[in-house]
Amino acid sequence: MSAKKVYRVIQWATGNIGARALRAVIEHPAMELAGLYVTSSAKVGKDAGELCDLGRKVGIKATSSVDEIVALDADCVVYMPAHTDFDHVCRLLASGKNIVTARGEFLYPGDMKPAERDRVEKACRAGNTSIHSTGISPGFITEALPIPLIAEQRRLDCITINEYGDNASRNSPDMLFNQMGFAAPPGPFSQGMLNHVKHDFAGSLLQLADAVNMPLDDVTVEGEKGLAKKDVHIAAGIIPAGTVGAMRITVAGMRKGKPLLRFRANWFCTRDIDKDWELLDGGWLVRVEGDTPLDVRITFPVSKEDYPKFTPGLTAHRVVNAVPVVCAAAAGIRTTMDLPHIIATF
């Protein structure tokens, strides 16, 4: 029996999710950490084990030099920056390194800006490499899970993926109040926020619709707000009565005037609002309407104390587990529909 391949992997960035991915790469029996790129000068020169709380050194020190990373011999880069740099992406791909990432720009080639798509595809051809975007949401819940659910159908009317996020215990005032708009007075939904969510999830809906031979005519987005009925004290501060205590954003893939595929984000800081919304505990409810209707509920059986330590793995682990299939894929931007199942090995 031939020995199993060991993949040489570079970790790019060590934020909350990147650090979890780094640890997963180090601990993976079929992976060897080949390099580590960081954006913070304070992290340069530190051992990779220190930057992911591994409890031991691994002999790979962090660098902020793109040239050093590009020059390394590696099979794949786990690309986890806060923002995508197409110059960096194309250099990595052209140098012969595959990329797997949680960045949403590469979910669906047909939804990319043509110039950016052509540039990435050219780099893939030059390096005989592929790039794949995945994670938990979008990714697993919007692509991988619907595939077996649709396999039970011979008539598909609609799939609705409801995501539930209770933010009451999240002590992140800037994110909740300034970026998301909780505790704001009534008013129009931020078009920038709607466009951001639509951009994140449209790629999943488009590729899934194409795969089942029901291409979409359009992808729409709609935002709704629920106002708190009374003052609510949460970890990040106060939600005054009459201000935004919950929000619902629906990205809908439309076909022949009706929604065929929908992702609906239900994010809230209180359930005591002026809307009759079903706001479940964290997780997802996937509802399949067809000739074999299905409801699938996913929750997180972890304590509140363990929750902050648990959540980074939701995104990071699927990305790391995708390394072997991405390395084996044909050159180009590869979607979930192009690849075989991502199977974790231990």
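In this report, the structure presented in the accompanying data block is examined. On a predicted model such as this, the values are computed, not experimentally measured, just so you know.

### As for the overall build of the protein
Check the secondary structure of the protein and you find 12 helices and 14 strands. For 346 residues, the compact-globule formula gives about 20 Å, and the C-alpha radius of gyration of the protein, at 21 Å, lands near that figure. Principal-axis analysis of the C-alpha atoms places the extent of the protein at approximately 60 × 45 × 40 Å. Within the protein, buried positions represent 49% of all 346 residues. Working note: accessible area of the protein is about 16500 Å², and carbon and sulfur atoms make up 50% of it. Counting 39 positive and 40 negative side-chain charges, the protein places the averaged centre of each group 2 Å from the other.

### Details of the nonpolar core
Ranked by internal contacts, the top residues of the largest apolar core, which has 44 residues, are Ile159, Phe182 and Trp267. With nine residues, helix 9 (residues 191-211) is the single largest residue contributor to this core. For phenylalanine 182, the contacting residues outside a window of four places in its chain are Asn167, Leu176, Phe177, Ile239, Val244, Gly245, Ala246, Met247, Trp267, Phe268 and Cys269. Formed by 30 residues, the second largest nonpolar core is a distinct cluster that contains Ile26, Leu36, Cys76 and Val319.

### Quick word on helix 9
Between its first and last C-alpha, helix 9 extends 30 Å over 21 residues, near the 30 Å set by a 1.5 Å rise per residue. Largest kink in helix 9: about 35°, centred on phenylalanine 201. Where helix 9 is concerned, the buried positions are Met193, Leu194, Val197, Phe201, Ala202, Gly203, Ser204, Leu205, Leu206, Gln207, Leu208 and Ala209. On its buried side, helix 9 packs onto helix 6 (140-144), helix 7 (146-150), helix 8 (173-180), strand 7 (218-227), strand 10 (244-255) and strand 11 (258-268). Looking at the residues trailing helix 9, positive phi occurs at asparagine 213, about 65°.

### Examining the packing of aromatic side chains
Under the counting rule described, the total for this entry stands at eight aromatic pairs. Where phenylalanine 86 meets phenylalanine 106, the ring centres are 5.7 Å apart and the plane angle is 55°; that geometry is what we call tilted. Remark: phenylalanine 106 occurs in the loop between strand 4 (98-101) and helix 5 (114-127) and phenylalanine 86 occurs in helix 4 (residues 86-94); sequence separation between them is 20 residues. Counting every residue linked through ring pairs, the aromatic cluster contains Trp284, Phe300, Tyr307 and Phe310. Between the NZ or CZ atom of lysine 5 and the centre of the ring of tyrosine 7, over which it lies, the distance is 5.2 Å. Cation over ring: lysine 225 sits above phenylalanine 189, and NZ or CZ is 5.5 Å from the ring centre.

### Focus: unusual backbone geometry
In the segment running from serine 137 into proline 138, the intervening peptide bond is cis, with an omega of 5°. With respect to the element layout, proline 138 can be found in the loop between strand 5 (130-133) and helix 6. Phi is positive for aspartate 53, which is not a glycine, with a value near 55°. Here aspartate 53 lies in the loop between helix 2 (48-51) and helix 3 (66-71). Exposure remark for aspartate 53: the relative accessible area of 65% places this residue in the exposed category. Phi at alanine 183 takes a positive value of approximately 70°, unusual for a residue other than glycine. Residue position: alanine 183 is located in the loop between helix 8 and helix 9.

### Some words on the pattern of salt bridges
Within this structure, the stated rule accounts for 13 salt bridges. Note that arginine 8 and glutamate 32 form a salt bridge whose closest N and O atoms lie 3.0 Å from each other. On the criterion of sequence distance, the pair formed by arginine 8 in strand 1 (residues 7-12) and glutamate 32 in strand 2 (residues 31-37) is long-range, its members being 24 residues apart. One salt bridge connects aspartate 338 with arginine 334, and the closest N-O pair in it is separated by 3.7 Å. Residue classification places arginine 334 among the partly exposed positions, given a relative accessible area of 21%.

### A short note on the pairing of strand 4
Side chains of strand 4 alternate between two faces, with Asn98 and Val100 and Ile99 and Thr101 buried alike. Both strand 3 (residues 76-79) and strand 4 contribute to a ladder of four bridges, which runs parallel. In the strand pairing of strand 4, tyrosine 79 is matched with threonine 101. Between the parallel pair strand 3 and strand 4, the chain is carried across by helix 4, and the sense of this crossover is right-handed. Sheet analysis places strand 4 next to strand 5, joined by three bridges and oriented parallel. In the sheet register, valine 100 faces strand 5, and the bridge partner there is histidine 132. As for the winding sense of the linkage, the β-α-β connection from strand 4 through helix 5 to strand 5 is right-handed.

About the cut-offs
Residues numbered from 1 in each chain as written. Predicted model: local features only at pLDDT ≥ 70, side-chain atom pairs only at ≥ 80, totals over all residues. Heavy atoms only, no water. Helix = DSSP H or I, 4+ residues; strand = E, 2+ residues; numbered from the N terminus. Rg over C-alpha atoms; globule rule 2.2 N^0.38 Å. Buried < 20%, exposed > 50% of the residue type's maximum accessible area, 1.4 Å probe, protein only. Areas by Shrake-Rupley, 256 points an atom, 1.4 Å probe, with all protein chains shown as cover. Lys, Arg positive; Asp, Glu negative; His and termini not counted. Charge placed at Lys NZ, Arg CZ, Asp CG, Glu CD. Core = buried A, V, L, I, M, F, W, Y, C linked by side-chain atoms within 4.5 Å. Contact = heavy atoms within 4.5 Å. Expected span 1.5 Å × (residues − 1). Bend = angle between axes of the 7 residues up to and from the residue. Phe/Tyr/Trp six-rings, centres within 6.5 Å; stacked < 30°, edge-to-face > 60°. Lys NZ or Arg CZ within 6 Å of the ring centre and 35° of its normal. Salt bridge = Lys/Arg side-chain N within 4 Å of Asp/Glu carboxyl O. Pairing = 2+ DSSP bridges. Right-handed = clockwise from strand over helix to strand, strands pointing away.

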